[in-house]
Structure formats: structure tokens, C-alpha cells
Amino acid sequence: MIKGRVWKYGDHINTDLIISGRYLDEYDMKSLSAHIFEDLDPIFAIGVKPGDIIVAGRNFGCGSSREQAPAVLKEKRIGAIIAASFARIFFRNAINIGLPVIVCPDAFCLLEKGNIITLDIRGGFILRESDGLRIGFNPLPEFLIDILERGGLVPYMKAKLGRCDA
Amino acid sequence: MTFAQKILSRACGRPVDPGDIVNARVNLAMSHENTALVIKAFREMGAAKVWDPEKIVILFDHRVPANTLKTAESHKIVREFVRKEGIRHFYDVKEGICHQVLPEKGHVLPGMLIVGTDSHTTTYGAFGAFATGIGATEMAAVWATGELWFRVPETLRIRITGQMPDRVSAKDVILNIIGTLGAEGANYMAVEFVGDCVDRMSIASRMVLSNMSMEMGAKIGVVFPDKNTEEWLIGRSHQSFEIVRSDDSADVQAEEFDVSDLPPQIAKPHSVDNVVPVEEIAGTPIDQALLGSCTNGRLEDLIAAAKILNGRKVSESVRFIVVPASREVYLSAVKKGVLTSLVESGAIVLNPGCGPCLGAHQGVLAAGERCISTTNRNFRGRMGSPDAEIYLASPETVAASALKGEITDPRTV
Ligand code: SF4
């Protein structure tokens, strides 16, 4: 279960908006994450708290394959991203670094900035704390939940490669 | 079966259907500057060695030669890794953009399953390969095992018919398609470009379609190989290959575009699907004109621009930047006198690479400035200031606009 405050954004939030290409020679995630959403919502980098959840419209994360985009969000300890739809590489990258991504168009219509929500990834539902509204979604395939629960592809592979060596 | 089904069935060893998630063996793995991130994840996974050094290609193109101390240091880490792992297919700062260099050096062949840590890896679809972009962490898993999970995509078959009018080129065609279908019009899908117009296109023009299919969310953008493709490949690779194509009876969604009367197209800020005919916004002043990138930095693009300029000087108010996509392109353009002609017209020629396309260095835009560019993305802040504007167009339109100092329909010069 993930519980947090909602930050809400629109459609087509691209990877340059999440983290601009001009900063990508910086490999330290902490320094890099200071520039998160800089051209979109400069308040976010200062105001975001661990566990907060991003709710967005269609095609979240479109644009480049830069893994720094989900990585800076993870660095800020975002609990999950819930969007009406995701661009495919962003979706893969997020799962691979252990950042939950949930496809749920209804959430975009029903949730507002500042709502406190609880997210059950396995159960496939979101609960709005203020009035108990329950929003359902199709859970991720088991295989992807497995990667997420292990904390991403690195620990997942580590376990797998370890097994091969044994 | 579709092309995507056939390739992924072969790569995972069983027949697959759209929607299936499969573990597939890849034939080629490409990464550029972000190899530094791949190495980090690879080490964290505890992998001993790469699965097959012959199937890995690494090169530098985004920040070349190194633009900052940080880049220089990460280049150095990668050079050391490449030496240690015995990765022979490594191209240092001088060769050019990955999506141009890999085909030129014979790494890309029809029927291959290729992954690259760059979203425009779809470009290799122009050679009939299943090629798609992935992230750095999953590339580390590919290096370790040679395998990766894929969701078998549905297919969108785009038929392009008719003869492109004079001064209209592949970029106008694909901008029109993206403008019509939208920035997520093909999200997660395998796009197939077919039709008599595609059949007549050069390989360079087909690469424009495959490259930009990514901007409508496509997982791959494929053109089935023909005699042109085979001729282009002669002398580049000694490896045998197998041409794979969709069955005519395969289950696909279909779209059709007739380009016989298509006017030159332009994507306005700040999204690639914000497309209108150039004539609609003609007269908008510009500060910079950029000819280059993995979309339109090839010889035919430089020639098209030089033809429009025809020895005339570009406007004093415009910085006209030209970046050949690769050394091979650069050299041929030098030998053919195309670069001489462009420089005489006032062009600033940069070394092959991504250059200003991603705003990392070279040709960065200040607040309030406007650039017309042959690149593939016009997102806010992409080339520098978030308050700059980027317009995407064909080489012909970019050259005509550089000439006039304002957005200009190439048919009017
Ligand atoms: S030229 Fe631009 S779009 Fe192409 S690979 Fe380089 S940065 Fe990416």
C-alpha cells in the first residue's frame, strides 16, 4: 500500500519537461533532481514529500529514452505515477528502476491536486481518503509486479544471475 | 502473422500474439553517451562479463568532442570499459550520430532484433529491422543475458500513395502523418510504412519516416526491404540476412495518406503534432536555422538545402547551422562540393554528431529566440531556454527560411 498527496499534471508531460537535456551531463541523481519539472512547475522540486503521488493525463513521459526522467522522480521518493496513459519507454524505465506506474484514466478525471490517496498495486484500486471513493484499474502483469516488488531490474537480475552461478 | 509477430516469435522460440509478453533474444545492442549509466547498472547486477562483445555497439555522438568536464570523465569511463570487455565495435567522438553510423558500418541488417538506449533507435526500421529504444538499466540486463522482455505490439499499417510534389520531401510526409494521428497516435504499436510513395523513396528518406515514427509513440517503424535496400547494403556487411515481412492477411489497423497535393508542413512549438502547412505561418521571423540530426542530416538533405540556396547568401539575421549526420556524409558532401556551396551561402558547419538537437552544447537558444530546425523534437527547453521556440520542418523549408530570415514556403523562393 502506498499513501500520499496528489500532484496533478496534464497530457503529454515529456521527458524534457521532467528533466531537461541540458542537465544530463550530471550523473549525481541528487543534484539532478533539483531541476525536476523546472520548466513546468518549479514549486514541485521544493514542495514534494516522500510518498507523494503524481496523477497525470495521456502519454506521460513521452520523448527521449532518458532513464534520468523516472530516476529523478524516484530520487524524490515519489510513491507512484498514475496516468491515463504512458509513453512506452518511460513506462519500461519506471518499472525497471522500481517506480510504480499505474494506467488509470479515471484517476485523472476524479482526483485533484492535494487529495490524499492510498494505492493498492496488487489489488488494483485507489482510495480517496476524504470520502472513501474507490477507483479501480487493471493490475499490472504479475511479472512486472515481481520486478517492482524486488525494487527494480537491478536487484531482480542480481537474484537471477546469482541463481545461475550457483 | 505480422512482421512484429514473426520477429518476436523467432526471438523467443514460440509463436506469439499481440499483447503477449515474451522474453526475446536480441541481435544487436547499441548505446551512446548513456553507456556510463549502463555500466553502472551492469556492475550493480553483479554480472561477470557481457554476453557477446560482438553484438554490442557503443559510440559517442551526443556531446562530441566532450563539452564539459563531466562529459569528458564519463567518456573516459566508457573507453576503459570498452577496452577491458573487448568490445570491438566502438566509435569514438569522430564518427557521427548513432542512427546514421550503425547502418553505414553494416551493423544493421533486415530481420534483426535491435535495441538501443535511444528513443530514435526506430530509425533502423528503414532497413526492415525490428528496432526499438530501451532504457539504460534494461540495457545492462541485455548485456548480461542477451535477452529482454517485450510486449508483442499491435500493428498500424500506413499506406502512403502518390508522387511527392516538387520541394516536398519525406519530412513533410511524416509531419503530416503525425499531425493527423497525434503524438500518441501509434503508442506501443508497430508501424509499417507501405505504398508506392514509400517504394520510390531513397533509403535516406525512408529513415526519416522510421526515425519520426517514434514521435507518435511507435515501438518500431518499419519499411520492408526491397532492391534499393539490398543495393544500399552492398559492401557494408558480409553477414547474411533474412528479409521478414508481414503477411498480407495479417490482422492490422490501416491508415492511408495521399501526398500528391501535400504542401510543405511545419510543426509549431511545443509539440511535434502541432502541424500546419508552412504557408499558414510564413513571415514569422527566425534567429537560427538548423540543418542536421538523425532525422535530416544526410547527404540528400544537404543537397536539397544547397539547391534551394543555390549560392545565395542566407539572411544576416540568421545563424545557419549545418551538422552532417556522420563522417561518411561529411566526406561525401565535401567531395561533391555541397559543403562549399553551403558555407559560401553563410552556413556554420559543425562536426558530425547530435550538435544543437538536444541543447547540450553548440547552437543553444536564448530566451525569446526562434529556431527552425530539421530535427525531430520541439519540446519546450529542448535547445536551451524554455522561452525559446522551435519549429520543425524539411531541409527545403529550413533552407528557404534561412535565406529569407523568416519562415518561408520553399516553393516561393
Ligand atoms: S540527433 Fe537529436 S534526436 Fe537524433 S540521436 Fe542525436 S539527440 Fe537524439
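Residues numbered from 1 in each chain as written. Chains lettered and ligands numbered in written order. Predicted model: local features only at pLDDT ≥ 70, side-chain atom pairs only at ≥ 80, totals over all residues. Heavy atoms only, no water.

A.B. asks: How should I be thinking about the site of the ligand in this particular structure?
C.D. replies: Residue and element names in this part refer to chain B. All residues in the neighbourhood of the ligand are listed as His62, Ile97, His99, Asp118, His120, Ser293, Cys294, Cys354, Cys357, Asn376 and Arg382. Looking at the shell around the ligand residue by residue, the class counts come to 4 nonpolar, 5 polar and 2 charged. Residues lining the shell around the ligand come from more than one domain, with at least three contributed by each of domain 1 (3-256) and domain 2 (266-412). (Near = heavy atom within 4 Å. Nonpolar A, V, L, I, M, F, W, Y, C, P; charged D, E, K, R; others polar. Domains from an automatic or database assignment.)

A.B. asks: What should I look at first to understand the sheet that holds strand 8 (residues 155-161) of chain B in this one?
C.D. replies: Each strand in a sheet pairs with another by means of backbone hydrogen bonds, the pair being arranged parallel or else antiparallel. Residue and element names in this part refer to chain B. Spatial ordering of the open sheet is given by 10-9-8-11, a layout of 4 strands whose pairing is parallel. Bordering the open sheet on either side are strand 10 (220-222) and strand 11 (253-258), each of which pairs with just one other strand. Adjacent strand axes in the sheet meet at a mean angle of 20°, parallel and antiparallel pairs treated alike. Both strand 9 (residues 190-194) and strand 10 contribute to a ladder of 3 bridges, which runs parallel. Its bridge partner lying in strand 10, Ala190 is registered against Ile220. (Pairing = 2+ DSSP bridges. Helix = DSSP H or I, 4+ residues; strand = E, 2+ residues; numbered from the N terminus. Axes fitted to C-alpha atoms, helices over the stretch in contact; angles between N-to-C directions.)

A.B. asks: What is the right way to look at the nonpolar core in this model?
C.D. replies: One recurring pattern in soluble globular proteins: nonpolar side chains tend to sit buried together. With 108 residues, the main nonpolar core has A:Phe60 and A:Leu73 as its most contacted residues. Among the elements that take part in this core, helix 5 (residues 136-145) of chain B stands out by supplying 7 residues, more than any other. With sequence-adjacent residues up to four places away left out, A:Phe60 is seen in contact with A:Ile13, A:Ile18, A:Phe37, A:Ile54, A:Leu73, A:Ile81, A:Ala83, A:Ser85, A:Phe86, A:Ala87 and A:Phe90. Core analysis: the second largest hydrophobic core is formed by 41 residues, B:Ile177, B:Val191, B:Leu209 and B:Met216 among them. (Core = buried A, V, L, I, M, F, W, Y, C linked by side-chain atoms within 4.5 Å. Buried < 20%, exposed > 50% of the residue type's maximum accessible area, 1.4 Å probe, protein only. Contact = heavy atoms within 4.5 Å.)

A.B. asks: I keep staring at the pairing of strand 6 (residues 130-133) of chain B and nothing clicks. Help me out?
C.D. replies: Looking down a regular strand, the side chains alternate between one sheet face and the other. Residues and elements named next belong to chain B. Taking every second residue as pointing to the same face, both faces of strand 6 are buried, with Phe130 and Thr132 on one and Ala131 and Gly133 on the other. When strand 5 (residues 113-116) meets strand 6, the two strands line up parallel, connected through 4 bridges. Residue pairing for strand 6: Leu113 is matched across the bridge by Phe130.

A.B. asks: I'm lost on the domain arrangement of chain B in this one. Help?
C.D. replies: How big an interface is tends to be stated in terms of accessible area lost as the parts join. Residues and elements named next belong to chain B. Domain boundaries in chain B define domain 1 (3-256) and domain 2 (266-412). Taking only C-alpha atoms into account, the centre of domain 1 sits 25 Å from that of domain 2. Each side of the interface is counted separately: domain 1 has 37 residues, and domain 2 has 37 residues. Here domain 1 packs against domain 2, burying approximately 3000 Å² in sum over the two surfaces, 55% of which is carbon and sulfur. Taken as a group, Ile97, Arg167 and Lys171 account for 22% of the area that domain 1 buries against domain 2, more than any other trio of residues on that side. A salt bridge links Glu328 to Arg236; its shortest N-O distance comes to 3.1 Å. Across the contact surface, domain 1 and domain 2 share 23 residue pairs in polar contact (both at pLDDT 80 or more). If you list the elements that add at least two residues to the side of domain 1 that touches domain 2, you get helix 4 (98-104), helix 6 (170-181) and helix 8 (203-213). Among the residues making up the side of domain 1 that touches domain 2, the classes are represented as 12 nonpolar, 14 polar and 11 charged. (Buried area = accessible area lost by both parts, 1.4 Å probe. Salt bridge = Lys/Arg side-chain N within 4 Å of Asp/Glu carboxyl O. Polar contact = N/O pair within 3.5 Å; in protein donor to acceptor, adjacent residues only side chain to side chain.)

A.B. asks: I'm lost on the confidence of the model for chain B in this one. Help?
C.D. replies: When pLDDT is low, close inspection of the predicted coordinates is not appropriate. Mean pLDDT over chain B works out to 97, with 100% of the residues at or above the 70 mark. Confidence estimates for the predicted assembly give a pTM of 0.94 and an ipTM of 0.87. (pLDDT = per-residue confidence, 0-100.)

A.B. asks: Help me understand the side chain of B:Thr2, please; the structure alone is not making it clear to me.
C.D. replies: Residues and elements named next belong to chain B. Along the polypeptide, Thr2 turns up in the segment before helix 1 (3-12). Residue class for Thr2 comes out buried when judged on its relative accessible area of 1%. Once residues within four sequence positions are removed from consideration, Thr2 is found in contact with Thr155, Glu192, Ser246, Ala250, Asp251 and Val252.

A.B. asks: Looking at this structure, how should I read the sheet that holds strand 5 (residues 116-120) of chain A?
C.D. replies: All names here are of chain A. The mixed open sheet is built from 7 strands, whose spatial order is 4-3-2-1-5-6-7. With partners counted over all chains shown, the strands left at the sheet margins are strand 4 (101-103) and strand 7 (134-136), one partner each. Direction aside, neighbouring strands of the sheet carry axes that sit 30° apart on average. Taken together, the 3 bridges between strand 1 (residues 2-8) and strand 2 (residues 53-56) define a ladder with parallel strand orientation. Counted as the bridge partner of Trp7 is Ile54 from strand 2.

A.B. asks: When you look at the packing of helix 4 (residues 68-75) of chain A against helix 5 (residues 88-96) of chain A in this model, what are you seeing that I'm missing?
C.D. replies: Packed helices, taken two at a time, are described by the angle between their axes plus the distance between the axes. Residue and element names in this part refer to chain A. Contact geometry of helix 4 with helix 5 gives a least axis separation of 8 Å together with a crossing angle of 45°. When the axis of helix 4 is compared with that of helix 5, the two are oblique. The chirality of how helix 4 crosses helix 5 is right-handed. Here helix 4 contributes Ala69, Pro70 and Leu73 to the contact with helix 5, which in turn contributes Phe90, Asn93 and Ala94. Each residue belonging to the contact of helix 4 with helix 5 can be placed in one class, and the counts come to 5 nonpolar, 1 polar and no charged. (Parallel < 35°, antiparallel > 145°, perpendicular 65-115°, else oblique. Left-handed = near helix turned anticlockwise from the far one by under 90°.)

A.B. asks: Explain the packing of helix 12 (residues 299-309) of chain B against helix 15 (residues 395-404) of chain B here, please?
C.D. replies: Residue and element names in this part refer to chain B. Closest axis-to-axis distance for the helix 12/helix 15 pair is 8 Å, and the angle between their directions is 35°. Helix-helix and strand crossings are classified by hand; for helix 12 and helix 15 the assignment is right-handed. Contact residues: Asp301, Ala304, Ala305, Ile308 and Leu309 in helix 12; Pro395, Glu396, Ala399, Ala400 and Leu403 in helix 15. Tallied by class, the residues present in the contact of helix 12 with helix 15 amount to 8 nonpolar, no polar and 2 charged.

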